[in-house]
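Summary of the model geometry
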Amino acid sequence: MTELNNIPDVGSGVSPVGDSAVDAVLDRLAGIPGLPVAAHAEAYSALHDALLDALNDDDPSAEGDA
């Protein structure tokens, strides 16, 4: 079996986006390598759902089309 040793750390290149809810979800990416591979799909699905929730939250202070 070939080992992949040149993979950058997950989450090491993730910069804050300025939205605390989104940044909190992105911070959770760092925990993925510590999970068993069998749990990755569920973890990514949970991150996806959390990002959707964060991105779909209405912010009354945000500018945009009404």
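Heads up: these notes are all about the structure in this document. (Residues numbered from 1 in each chain as written. Predicted model: local features only at pLDDT ≥ 70, side-chain atom pairs only at ≥ 80, totals over all residues. Heavy atoms only, no water.)

**Here we look at helix α1 (residues 20-27)**
An α-helix turns once every 3.6 residues. As a result, residues three or four positions apart point the same way. Which entries qualify depends on this criterion: When a residue's accessible area, from a 1.4 Å probe over protein chains only, is under 20% of the maximum for its type it is buried; when over 50% it is exposed; and in between it is partly exposed. Helix numbers and strand numbers start at the N terminus; a helix is a DSSP run of H or I with at least 4 residues, a strand a run of E with at least 2. The arc in question is the one spanned by the directions pointing from the helix axis to the C-beta atoms. Under this definition, polar contacts are N or O atom pairs within 3.5 Å; protein pairs additionally need one hydrogen-donor-capable and one acceptor-capable atom, and for neighbouring residues in sequence, both atoms have to be side-chain atoms.
Looking only at α1, the buried set comprises Val22, Asp23, Val25 and Leu26. Seen from one end, α1 has its buried residues packed into an arc of 160°, which puts them on one side. Every exposed residue of α1 that faces more than 90 degrees away from the buried side is listed here: Ser20 and Asp27. Capping the start of α1 is the job of one residue whose side-chain oxygen sits 3.0 Å from the backbone nitrogen of Ala21: Asp19.

**Looking at the environment of Leu51**
Heads up, the condition is: Between two residues, a contact is recorded if the distance between any of their heavy atoms is within 4.5 Å.
Considering the arrangement of structural elements, one finds Leu51 in helix α2 (residues 40-56). Taking the C-alpha atoms as reference points, Leu51 and Val25, separated by 26 residues in sequence, lie 6.5 Å from one another. If sequence neighbours within four positions are ignored, Leu51 has contacts with Val22 and Val25.

**Remarks on the side chain of Asp23**
For the record, the criterion: We score Asp and Glu as negative and Lys and Arg as positive, and we do not count His or the chain ends. Definition used for salt bridges: Asp or Glu carboxyl oxygen within 4 Å of a side-chain nitrogen of Lys or Arg.
Here Asp23 is to be found in helix α1. Buried and without a salt bridge, Asp23 has Arg28 as its closest oppositely charged side chain, separated by 13 Å. At 2.6 Å, the side chain of Asp23 and the backbone nitrogen of Val17 are in polar contact. When residues no more than four places from it in sequence are discounted, the contact partners of Asp23 are Pro16, Val17 and Gly18.

**Things to note about α2**
Quick note on the threshold: To estimate how far a helix should reach, multiply one less than its number of residues by 1.5 Å.
Here α2 is 17 residues long and its end C-alpha atoms lie 24 Å apart, about the 24 Å a rise of 1.5 Å per residue gives. Inspection of α2 places Ala43, Leu47, Ala50 and Ala54 among the buried residues, and these make up the whole buried set. Seen end-on, α2 carries its buried residues on one side only, within an arc spanning 65°. Along α2, exposed side chains directed more than 90 degrees from the buried face belong to Ala41, Glu42, Asp53, Leu55 and Asn56. Where α2 is buried, its residues meet α1.

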